[in-house]
Amino acid sequence: MITAKEQITTGFQCYKESFGFIFRNGLGKYFVVPVIVNILLVILLVSSGWFTGDWVSSLWDSTDSAWLGFLQEMVKWVITVLFFVLFFFIGGTIVVLCMSPIYTIISEKTDCILSGRTFETSAAQTAKDIWRTVVLSLKNTVKQLMLTLLCLLLNFIPIVGNVLSLVLIFLVNSYYFGYSFMDYTNERYRRNVSISNNVVSHYKYLAIVIGAVYALPMYFFVGTFIAAFLGGVSTVAATMAQMRLENSDADIHKLIQ
């Protein structure tokens with residue numbers, strides 16, 4: 001039986017090891033695309049906010065009124081900021097969804113280096129795997145958002161509810177982020193969604209640790225801008241940790257049969 005302490009310790013230890021592992025084994029090249037896409041997502045979001053604000057403000061004529069002209073400029077900036085704030089809160093989730101195909105490759109490369117195994121695949125199987133990953137990520141994102149909304153209701157309870165809501169939201173987000181990073185391994189081992197649910201539930205403390213390290217920077221301004229890079233690191237750490245735990249866990253075989 002793998003204890004909660006073992007899962008938590010292994011998760012943090014693998015995060016510590018993952019940075020050296022990435023550069024020592026030449027995996028850095030797989031992080032170029034995620035970083036570029038992350039930058040493009042931020043630019044796209046800010047641009048979308050600006051153009052949306054520009055379109056909304058153009059719905060009325062302000063040529064004869066300084067006040068309306070000022071209002072138009074305010075609308076542009078407010079909508080742009082709202083778009084940015086939206087990305088600030090759900091950017092981590094958007095990045096994981098967009099980067100799933102790349103993270104799948106990073107997880108497989110990590111497994112190959114650690115185990116010496118090779119995974120035969122075809123274009124059709126790769127497309128099927130990517131589709132499975134994206135669909136499962138979307139389902140989990142919906143669950144994540146619904147649970148987050150339920151946690152927000154606790155804010156109606158002064159002080160205690162505010163603190164409890166913040167903690168629970170963080171744990172929910174951490175679990176589902178961790179689930180996504182661990183599922184790349186489950187998918188590679190051809191485990192169906194039901195088995196994947198059982199495996200992640202079995203290693204729930206590991207999932208929370210892996211997801212927490214990814215989620216925590218999202219609460220700060222810089223987190224959104226490094227989400228793609230950090231997601232790749234989280235994928236490596238999750239793969240290393242899950243392989244390490246499964247190799248010493250007799251109970252896992254009951255879940256995957």
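### As for the overall build of the chain
Consideration 1: Per the secondary structure count, the chain includes nine helices and zero strands.
Consideration 2: Counting helices and strands in the order they occur from the N terminus, the chain gives α-α-α-α-α-α-α-α-α.
Consideration 3: The buried share of the chain, reckoned over its 257 residues, is 42%.
Consideration 4: Contacts in the chain between residues far apart in sequence, at least 24 positions, make up 80% of those at least 6 positions apart.
Consideration 5: For the chain, the accessible surface area stands at approximately 13600 Å², while carbon and sulfur atoms represent 73% of it.

### Remarks on empty space enclosed by the protein
Consideration 1: Per the stated rule, a full pass over the model turns up two cavities of 30 Å³ or more.
Consideration 2: Space inside the largest cavity adds up to approximately 60 Å³.
Consideration 3: Surrounding the largest cavity, Thr93, Val96, Leu97, Ser137, Thr141, Gln144, Tyr176, Phe177 and Ser180 form its lining.
Consideration 4: Of the residues belonging to the lining of the largest cavity, the class tally is four nonpolar, five polar and no charged.
Consideration 5: A volume near 40 Å³ is recorded for the second largest cavity.
Consideration 6: Counting residues per element, the ones that place at least two in the lining of the second largest cavity are α4 (123-152) and α5 (160-188).
Consideration 7: By residue class, the composition of the lining of the second largest cavity is three nonpolar, four polar and one charged.

### Focus on the side chain of Gln144
Consideration 1: Looking at the element boundaries, Gln144 is found in helix α4.
Consideration 2: Those residues in contact with Gln144 that lie beyond four places of it in its chain are Thr93, Val172, Asn173, Tyr176 and Phe177.

### A closer look at α5
Consideration 1: Taking 1.5 Å per residue as the helical rise, α5 with its 29 residues ought to reach 42 Å, and the 43 Å between its terminal C-alpha atoms agrees with that figure.
Consideration 2: Within α5, the axis deviates most sharply at Met182, by approximately 35°.
Consideration 3: At the exit of α5 stands Arg190, carrying a positive phi of roughly 60°.

### Description of the layout of surface pockets
Consideration 1: Of the voids in this model, the second largest pocket is the one considered here, and its volume is about 220 Å³.
Consideration 2: If you go around the second largest pocket, you meet 13 residues; those closest to its centre are Thr104, Glu108, Thr121, Thr126 and Asp129.
Consideration 3: Sorting the residues of the lining of the second largest pocket by element identifies α3 (66-115), α4 and α5 as the ones contributing at least two each.
Consideration 4: Residue contributions to the lining of the second largest pocket peak at four residues, all from α3.
Consideration 5: Among the residues forming the lining of the second largest pocket, the class breakdown is four nonpolar, three polar and six charged.

### Side note on unusual backbone geometry
Consideration 1: Backbone geometry at Ile159 places phi at a positive 60°, although glycine is not the residue there.
Consideration 2: Positionally, Ile159 belongs in the loop between α4 and α5.
Consideration 3: Of the residues examined, Ile159 reaches a relative accessible area of 63% and is grouped as exposed.
Consideration 4: Residues other than glycine seldom take positive phi values, yet Arg190 does so here, at roughly 60°.
Consideration 5: Counting through the fold element by element, Arg190 comes out in the loop between α5 and α6 (193-202).
Consideration 6: Accessibility expressed as a relative area gives 44% for Arg190, which makes it partly exposed.

### A look at the packing of α5 against helix α7 (residues 204-215)
Consideration 1: Axis separation between α5 and α7 bottoms out at 6 Å; the angle between their running directions is 100°. If you check the angle between α5 and α7, you find them roughly perpendicular. Of α7, the residues touching α5 (which contributes Phe170, Leu171, Ser174, Tyr175, Phe177, Gly178, Tyr179, Phe181 and Met182) are Lys204, Leu206, Ala207, Ile208, Ile210, Gly211, Ala212, Tyr214 and Ala215.
Consideration 2: Residues that form the contact of α5 with α7 fall into these classes: 14 nonpolar, three polar and one charged.

Reading the values: rules and limits
- Residues numbered from 1 in each chain as written.
- Predicted model: local features only at pLDDT ≥ 70, side-chain atom pairs only at ≥ 80, totals over all residues.
- Heavy atoms only, no water.
- Helix = DSSP H or I, 4+ residues; strand = E, 2+ residues; numbered from the N terminus.
- Buried < 20%, exposed > 50% of the residue type's maximum accessible area, 1.4 Å probe, protein only.
- Contact = heavy atoms within 4.5 Å.
- Areas by Shrake-Rupley, 256 points an atom, 1.4 Å probe, with all protein chains shown as cover.
- 1 Å grid on protein atoms, 1.4 Å probe; cavity = no way out; pocket = protein on both sides within 12 Å on 5 of 7 lines; lining within 4 Å.
- Points joined across faces, edges and corners; volume = space filled by probe spheres on them.
- Nonpolar A, V, L, I, M, F, W, Y, C, P; charged D, E, K, R; others polar.
- Expected span 1.5 Å × (residues − 1).
- Bend = angle between axes of the 7 residues up to and from the residue.
- Axes fitted to C-alpha atoms, helices over the stretch in contact; angles between N-to-C directions.
- Parallel < 35°, antiparallel > 145°, perpendicular 65-115°, else oblique.

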